[in-house]
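# Geometric and topological summary
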Amino acid sequence: MDVIIVLIPISIVLVLLALRALAWSVDSGQFDDLDREAQRILFEETPTAERAADEGSDDDGQTPR
């Protein structure tokens, strides 16, 4: 029964820490635009210089001769 006296304050502190982390993430804008990040991985962005250089190569990564 003495363990309950220790576990209850520890659990209250953990809940308060979790609520503080949630409040921080909401305040910092982590949940502002959920759709953009979900669509970002589905659609290709503008090609980079590396991709433009790779367009002339074969599947094995070597330049065709």
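Residues numbered from 1 in each chain as written. Predicted model: local features only at pLDDT ≥ 70, side-chain atom pairs only at ≥ 80, totals over all residues. Heavy atoms only, no water.

### What to know about the pattern of salt bridges
In total, this model carries one salt bridge according to the counting rule given. Two residues, D33 and R36, come together in a salt bridge whose shortest N-O distance is 3.4 Å. The class of D33 is partly exposed, set by a relative accessible area of 37%. You can call R36 exposed: its relative accessible area is 52%. (Salt bridge = Lys/Arg side-chain N within 4 Å of Asp/Glu carboxyl O. Buried < 20%, exposed > 50% of the residue type's maximum accessible area, 1.4 Å probe, protein only.)

### A closer look at helix 1 (residues 2-27)
Taking 1.5 Å as the rise per residue, helix 1 with 26 residues should run 38 Å; its terminal C-alpha atoms sit 39 Å apart, in good agreement. Downstream of helix 1 by one or two residues, G29 has phi in the positive range, about 90 degrees. (Helix = DSSP H or I, 4+ residues; strand = E, 2+ residues; numbered from the N terminus. Expected span 1.5 Å × (residues − 1).)

### Overview of a nonpolar patch on the surface
Together, M1, I4, I8, I12, V15, L16, L19, L22, V26, F31 and L34 give the surface a local cluster of nonpolar side chains, amounting to about 1100 Å² of exposed area. If one sorts the elements of the nonpolar patch by residue count, helix 1 sits on top with eight residues. The residue I8 is located in helix 1 in this model. (Patch = residues over 30% accessible without salt bridge, like charges linked within 9 Å, V, L, I, M, F, W, Y side chains within 5 Å. Areas by Shrake-Rupley, 256 points an atom, 1.4 Å probe, with all protein chains shown as cover.)

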